[in-house]
Amino acid sequence: MIVLRLLQGRIKAETAEILSQSADAVREILHRGLTRMKLMEELRGLLTKWKGWE
């Protein structure tokens, strides 16, 4: 979903059709995915500081 919407620039309706999902599901799944990616980035930063890898 992230690849289709953000990297390929497809609109929500196209993405929904390709993935056999509703447009609302595309919006929700994309939001959850981006939230998880942000959390992973924050955790990676904390681990780097904790381990002294900076």
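Residues numbered from 1 in each chain as written. Predicted model: local features only at pLDDT ≥ 70, side-chain atom pairs only at ≥ 80, totals over all residues. Heavy atoms only, no water.

Asks: So what's going on with the packing of helix 2 (residues 12–19) against helix 3 (residues 23–51)? Which residues, and what values?
Replies: Between helix 2 and helix 3, whose axes approach to 8 Å, the crossing angle comes to 95°. When the axes of helix 2 and helix 3 are compared, the pair comes out roughly perpendicular. Residues Lys12, Thr15 and Ala16 of helix 2 form the contact with helix 3, whose participating residues are Ala23, Val26 and Arg27. Partitioning the contact of helix 2 with helix 3 into residue classes produces 3 nonpolar, 1 polar and 2 charged. (Axes fitted to C-alpha atoms, helices over the stretch in contact; angles between N-to-C directions. Helix = DSSP H or I, 4+ residues; strand = E, 2+ residues; numbered from the N terminus. Parallel < 35°, antiparallel > 145°, perpendicular 65-115°, else oblique. Contact = heavy atoms within 4.5 Å. Nonpolar A, V, L, I, M, F, W, Y, C, P; charged D, E, K, R; others polar.)

Asks: So what's going on with the environment of Arg5? Which residues, and what values?
Replies: Residue position: Arg5 is located in helix 1 (residues 2–7). Put simply, Arg5 and Leu30 are 25 residues apart on the chain and 8.4 Å apart in space, counted from C-alpha to C-alpha. In contact with Arg5, other than residues within four places in its own chain, are Arg10, Ile11, Lys12, Thr15, Val26 and Leu30. A polar contact of 2.9 Å, which involves the side chain of Arg5, links it to the backbone oxygen of Arg10. (Polar contact = N/O pair within 3.5 Å; in protein donor to acceptor, adjacent residues only side chain to side chain.)

Asks: Can you explain the pattern of salt bridges? Please cite residues and give values.
Replies: Note that side chains of opposite charge can pair when their charged atoms are close. All chains considered together, the criterion is met by 2 salt bridges. The salt bridge involving Arg32 is made with Glu28; its shortest N-O contact spans 3.5 Å. With Arg32 and Glu28 both in helix 3 and 4 residues apart, the pair spans about one turn of that helix. (Salt bridge = Lys/Arg side-chain N within 4 Å of Asp/Glu carboxyl O.)

On their own, these measurements won't tell you what the molecule is for.
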